[in-house]
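Each chain, letter by letter, is given below.
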Amino acid sequence: MNKELAQYINTLLAEREREVEKQQVEYNSVWSIRYEEGKTNSNFDAEKFTVMGQELSWERSMIYRCQKAMDYFEEEDN
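Keep in mind the model is a prediction, meaning the values are calculated, not measured.

### With respect to the overall build of the chain
Part 1 of the argument: A count of helical and extended segments in the chain gives 2 helices and 0 strands.
Part 2 of the argument: In the chain, which comprises 78 residues, the share counted as buried stands at 17%.
Part 3 of the argument: Restricting to contacts in the chain with at least 6 residues of sequence separation, those with at least 24 account for 80%.
Part 4 of the argument: Accessible surface, the chain as shown: approximately 6300 Å² in total, 52% of it carbon and sulfur.

### Focus on the side chain of Asn-10
Part 1 of the argument: Summarising the element assignment, Asn-10 is placed in helix H1 (residues 3–37).
Part 2 of the argument: Judged by its relative accessible area of 13%, Asn-10 falls in the buried class.
Part 3 of the argument: At a separation of 3.1 Å, a polar atom in the side chain of Asn-10 contacts the side chain of Glu-74.
Part 4 of the argument: Filtering out sequence-adjacent residues up to four positions away, Asn-10 remains in contact with Gln-67, Met-70, Asp-71 and Glu-74.

### Comments concerning the nonpolar core
Part 1 of the argument: Membership of the largest hydrophobic core is limited to 8 residues, which are Ala-6, Leu-13, Val-20, Tyr-27, Phe-49, Leu-56, Ile-63 and Met-70.
Part 2 of the argument: Of all the secondary-structure elements, those providing two or more residues to this core are H1 and helix H2 (46–77).
Part 3 of the argument: Look past the residues within four positions of Ile-63 in its chain and what remains in contact with it is Leu-13, Arg-16, Glu-17 and Val-20.

### Observations concerning the pattern of salt bridges
Part 1 of the argument: As enumerated under the stated definition, the model contains 4 salt bridges in all.
Part 2 of the argument: Among the ionic pairs, Arg-60 bridges to Glu-21, the shortest N-O distance being 3.7 Å. In this pair, Arg-60 is assigned in helix H2 and Glu-21 in helix H1, connecting sequence segments 39 residues apart.
Part 3 of the argument: Here the salt bridges share partners, and the residues they tie into one network are Arg-16, Glu-19 and Glu-59.

### Some remarks on the side chain of Gln-67
Part 1 of the argument: On the secondary structure map, Gln-67 appears in helix H2.
Part 2 of the argument: Take Gln-67: its relative accessible area is 16%, and that puts it in the buried class.
Part 3 of the argument: Within polar-contact distance, the side chain of Gln-67 engages the side chain of Glu-17 at 3.3 Å.
Part 4 of the argument: Gln-67 has contacts with Asn-10, Leu-13, Ala-14 and Glu-17, leaving out every residue within four places of it along the chain.

### Observations regarding the environment of Gly-53
Part 1 of the argument: Its place among the elements puts Gly-53 in helix H2.
Part 2 of the argument: Gly-53 gets classed as buried once you look at its relative accessible area, which sits at 16%.
Part 3 of the argument: Each C-alpha atom of the pair Gly-53 and Gln-24 lies 7.9 Å from the other, and the pair is 29 residues apart in sequence.

Criteria and thresholds
- Each chain carries its own residue numbering, running from 1 in the written order of its sequence.
- Only residues with pLDDT of at least 70 get local features here, since the model is predicted, and only at 80 or more are side-chain atom pairs given and counted; chain-wide, interface and lining totals rely on the full set of residues.
- Side-chain measures were taken over the full set of non-hydrogen atoms in the model, leaving aside hydrogen atoms and water.
- Under the DSSP-based scheme used, a helix requires at least four consecutive residues in state H or I and a strand at least two consecutive residues in state E, with every element numbered from the N terminus.
- Here the term buried applies to any residue with accessible area under 20% of the maximum for its type, exposed to any over 50%, and partly exposed to those in between, with areas from a 1.4 Å probe on protein chains only.
- It only takes one pair of heavy atoms within 4.5 Å for two residues to be counted as in contact.
- Computed with the Shrake-Rupley method and a 1.4 Å probe, the accessible areas treat only the protein chains shown as cover for residues.
- Nitrogen and oxygen atoms within 3.5 Å of one another constitute a polar contact, given that in protein one can donate a hydrogen and the other can accept it, and given that sequence-neighbouring residues count only through two side-chain atoms.
- To qualify as a nonpolar core, a set must consist of buried Ala, Val, Leu, Ile, Met, Phe, Trp, Tyr and Cys residues joined through side-chain atoms within 4.5 Å.
- Throughout this description, the term salt bridge denotes a Lys or Arg side-chain nitrogen within 4 Å of a carboxyl oxygen of Asp or Glu.

In structure tokens, the structure reads:
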């Protein structure tokens, strides 16, 4: 893999990481509001909310792994 391609993929990964971070902030704000209020909302789907948190965590770990792999390819090309 050439260095330019690895850098481009790293750029795409960084953009996706920013999008996931925005989603994480939204997730955290909903969680803190629900925790602080201590109220139950009949429209709130706890299972869906939990799955969303797990998916965000998984995606962040995959982005990290991919970035490390791209760093390896960039160094290998030197």
